[in-house]
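Listed here are the chains, written in short residue letters.
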Amino acid sequence: MNVQGVVAALAAVLTGTGVIPKLALADTTGGDARELGAVTVTAQKVEQNVLDVPATVEVVGAEDLALHQIDSLEDLDKLVSGLGISSYTGGQPRIYLRGMGDAFDLKNKRVAVYVDGVPQIDSVLQDPMLLDHVERVEVLKGPQGTLYGRNASAGVINIVTKRLRGDAASAFLGAGNHDQRRGGATLSKSLAEDQVLLGINASWTRRNGVLENVATGSRGKLDGQERRNLHLKADLYPTDKTALNLTFSHFEDDSAPYLQTFIDPTTWKPIRRDAGRGFVPVRFYQIDRDTEGHTKTRGNGLTLRVSHDFDLFRLNSITGYQQDKLHTVSDADYSSNPLFKWDFDPYTNEHKQLSQEFQLVGNAGAAHWQTGVFAYGDQTDNSNAFKTSYGNILSNSRYRTRGVAWYGQLDYVFVPGWTATAGGRYQRDRQKLKDFQQDREEVSKSKSSSTYKLALAYAFQPDNTTFLSYGTGYTPGGVNTSPQMIGGLPVGPYLSYAPEKTSSIEWGIKGRLAGQRLGYSLSLYHTLLRNQQVLDMADTQMKNIGETRYRGVEMSADYQIAGPWNLNAGYALNTSRIRKSNDPAELGKSVPFVPGNTGRVGVQYKDRIADTSVTVRLDMNHVGRIRADAKNSFSQSSYQLFSLSGKADFKHWWLSLSVNNLLDKQYYSNAIANSPLAGTHTAVYGQPRTVLLTLGSKF
């Protein structure tokens, strides 16, 4: 069936008419082409057209999130080239951007995540629900250490939630295969002639898993998931120059623990431990666990943003407080074999975070400037019972980090069409670790870091810009949260490690052509990661023992072809080379865990049919070869996934249908050569076909 046939068939289902007249599609494709709308972002902490940002920025708006029914960051990479997000520890995503990411450290990151201006420092907070209440997600690529500070070495994911807009109400319910269920409601009320706006948003999702546990016979229990979110908002506008935005949030996340399975590195088939010390094959989506386990996370957050427009500048204050608790029981040896036991039972993290930022923004003729101060405090109390075949290992520790920073950036239009940007940041971070279990002396580490940015942009014609930029970023140092392994036992000291630094030069060109119907972006970059923090598996300690070079090209296009038809495509090529390592066999090799290239193509039809706005989209995503270890001795082949999405908007209600992994392809979402048993590797199963139908109303 061709694309137009698929579109017509799905449109018929969505509108409920049973048959869409062939003439309706034929007539609309011959109409006038439609222009692409302008995109406003806050990627540089001020509102501006995305074409005016001297960096590569990809934006996923509320319309695309709703069409694809995306409720998690893990699904966002299908719409953003060069972004990879996966999780195998339950609610703690591993985010990679332009080949750089974090495979092991759950606090010191290379991709920062912000929600409404508040940094999500702990990994538990870095996969918020995107369902129904998010206005847009901005992915800002390249080092952003000047404006965002720590953890922005590879870029920033900036999540902007919807603000309140008058009296409104909406609700939705959805269901799908694998016992998927979802629902939500939003209510907002305007008071005092729109000077006071109050709102509430609640959402919920659940699904059974697909994994069969061969040890217990259970199916769908181990990898099931349920998430609940609540947002209370109050927006106050006492004068036309002053705004106060207050948000309280609560989340509950019940998800899977470690989901790796053993695989045969020669055949790539899943295997499990037998009753002795050998291995036997299992079917795809089968897994072996004597402890099925769980991961339960609960958290609350409070954000207060206050803005006042003075005559010469605008003052913004952003205060954020967050607390969460994670409780995990997990079979970390991936086996039910009683001869080899290695379980977290339980692993508990209690986390608190407080941040404060003051920002001044102003204009002075051709100069646009901003400056600010930022401070944060972060505390994690960790307790763990690690049960092994040789006895139990207990731990109880507190990890505290805090920091303060000053930053500033100036954008100056020195001649018409030419803009120069210069910015800098100074930040000092301190980390402290206290081991209560062994009553050890507190270990402390403090270090300052400086980052800066230089850029030159030229608008060579209206809505078309080319830029050249140089930026730096850093990931703070710290103290290892587990003692050094000596003789296979955690009895050594807690080693500290220094910050790592990133520098990158990038050239890009982006804009609009063909009468505002074609949006395009092309960028080339060269990035060097120095003093790299690497987990040394010999003693399980993070150390500064690496240096890596990254090079790449990224391109994207959004073309409103004719009438209701749109083509959206993107491609990212990333090459990396390990330049320094404690293992000579890794020198010159590619960085593991990330694909060498990714691509996407989407064909979309959007028009009014029988007084109903109908949107249908077919997407193809390509994931290139992924190296599974730093020696490049083992790699995962490339694969392609297809998805189909559709939505019908009526006057007061809407209907949405999405089918992910349309062809039901069996694949591994990631494979890692880190098995504790020689001659095997581990992998995580990718998701099979999922179908979700959602009905909603709006008033």
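Before going into details, it helps to say that this report is about the structure given with it.

1. Observations regarding the overall build of the chain
Link 1 in the chain: A count of helices and strands for the chain gives four helices and 45 strands.
Link 2 in the chain: Here the chain has a C-alpha radius of gyration of 25 Å; the compact-globule value for 699 residues is 27 Å, and the two agree.
Link 3 in the chain: Across its three principal axes, the chain shows a C-alpha extent of roughly 70 × 60 × 50 Å.
Link 4 in the chain: When each of the 699 residues of the chain is scored for burial, the buried share is 53%.
Link 5 in the chain: If you take every contact in the chain between residues at least 6 apart in sequence, the share linking residues at least 24 apart comes to 65%.
Link 6 in the chain: As displayed, the chain has an accessible area near 28900 Å², and 58% of this comes from carbon and sulfur atoms.
Link 7 in the chain: Across the chain, the centroid of the 76 positively charged side chains sits 3 Å from that of the 70 negatively charged ones.

2. Focus on the pattern of salt bridges
A side chain of one charge can pair with a side chain of the opposite charge when the charged atoms of the two come close.
Link 1 in the chain: Inspection of the entire model under this criterion finds 38 salt bridges.
Link 2 in the chain: Between R98 and E506 there is a salt bridge, with the nearest N and O atoms lying 3.0 Å from each other. Residue R98 is located in the loop between β5 (94-97) and β6 (100-101), and its partner E506 is located in strand β33 (residues 500-513); the two are separated by 408 residues in the primary sequence. There is no split in this pair, since R98 and E506 are both buried.

3. Some details on unusual backbone geometry
Link 1 in the chain: Cis rather than trans, the peptide bond between D345 and P346 has omega equal to -5°.
Link 2 in the chain: A positive phi angle is found at D194, which is not glycine, with a value near 70°.
Link 3 in the chain: Mapped onto the elements, D194 comes out in the loop between β12 (180-191) and β13 (196-207).
Link 4 in the chain: For T540, which is not glycine, the phi dihedral falls at a positive 55°.
Link 5 in the chain: Note that T540 resides in the loop between β34 (518-536) and β35 (541-562).

4. Quick look at the packing of aromatic side chains
Link 1 in the chain: This model, assessed by the stated rule, comprises 21 aromatic pairs.
Link 2 in the chain: Ring geometry for W268 and Y668: centres 5.7 Å apart, planes at 40°, overall tilted. You can see W268 sitting in the loop between β17 (261-263) and β18 (270-273) and its partner Y668 sitting in strand β43 (residues 668-672), a full 400 residues away along the chain.
Link 3 in the chain: On the basis of relative accessibility, which here comes to 22%, the residue W268 falls in the partly exposed class.
Link 4 in the chain: Here the aromatic cluster, defined as three or more aromatic residues joined through ring pairs, consists of W268, F284, Y285, F634, Y668 and Y685.
Link 5 in the chain: The side chain of K45 reaches across the aromatic face of Y148, ending 5.0 Å from its centre.
Link 6 in the chain: For K45, the ring lying beneath its charged end belongs to Y407, and the centroid distance is 5.0 Å.

5. So, the pairing of strand β26 (residues 418-435)
Link 1 in the chain: As judged from the 18 bridges shared by strand β25 (residues 391-415) and β26, these two strands associate in the antiparallel manner. The residue bridging R400 from the neighbouring strand is K432, located in β26.
Link 2 in the chain: Adjacent in sequence and paired antiparallel, β25 and β26 are bridged by two residues, among which G417 carries a positive phi angle near 95°.
Link 3 in the chain: Note that β26 and strand β27 (residues 443-461) share 16 bridges and pair antiparallel. The partner of R428 across the bridge, within β27, is S448.

6. Considerations on the sheet that holds strand β19 (residues 279-281)
Link 1 in the chain: On the basis of which strands lie adjacent, the open sheet formed by five strands has the order β19-β18-β17-β44-β43 and antiparallel pairing. Because the sheet does not close on itself, it has two edges, and the strands there are β19 and β43. Sheet twist, expressed as the mean angle between neighbouring strand axes with direction ignored, is 45°.
Link 2 in the chain: As paired elements, β43 and strand β44 (residues 681-685) share four bridges and run antiparallel to each other. Bridging from a neighbouring strand, Y668 pairs with Y685 of β44.

7. Concerning the nonpolar core
The tendency in soluble globular proteins is for nonpolar side chains to be buried as a group.
Link 1 in the chain: Core analysis: the largest hydrophobic core is formed by 29 residues, its most contacted members being L65, L76, L83, L130, V137, I157 and I159.
Link 2 in the chain: For this core, the secondary-structure elements that each account for two or more residues are β4 (83-86), β5, β7 (111-115), β9 (134-141) and β10 (155-161).
Link 3 in the chain: Of all hydrophobic cores here, the second largest spans 16 residues; its members include L259, I263, A671 and A683.

Reading the values: rules and limits
- Residues numbered from 1 in each chain as written.
- Predicted model: local features only at pLDDT ≥ 70, side-chain atom pairs only at ≥ 80, totals over all residues.
- Heavy atoms only, no water.
- Helix = DSSP H or I, 4+ residues; strand = E, 2+ residues; numbered from the N terminus.
- Rg over C-alpha atoms; globule rule 2.2 N^0.38 Å.
- Buried < 20%, exposed > 50% of the residue type's maximum accessible area, 1.4 Å probe, protein only.
- Contact = heavy atoms within 4.5 Å.
- Areas by Shrake-Rupley, 256 points an atom, 1.4 Å probe, with all protein chains shown as cover.
- Lys, Arg positive; Asp, Glu negative; His and termini not counted.
- Charge placed at Lys NZ, Arg CZ, Asp CG, Glu CD.
- Salt bridge = Lys/Arg side-chain N within 4 Å of Asp/Glu carboxyl O.
- Phe/Tyr/Trp six-rings, centres within 6.5 Å; stacked < 30°, edge-to-face > 60°.
- Lys NZ or Arg CZ within 6 Å of the ring centre and 35° of its normal.
- Pairing = 2+ DSSP bridges.
- Axes fitted to C-alpha atoms, helices over the stretch in contact; angles between N-to-C directions.
- Core = buried A, V, L, I, M, F, W, Y, C linked by side-chain atoms within 4.5 Å.

In short, geometric facts, not functional conclusions.
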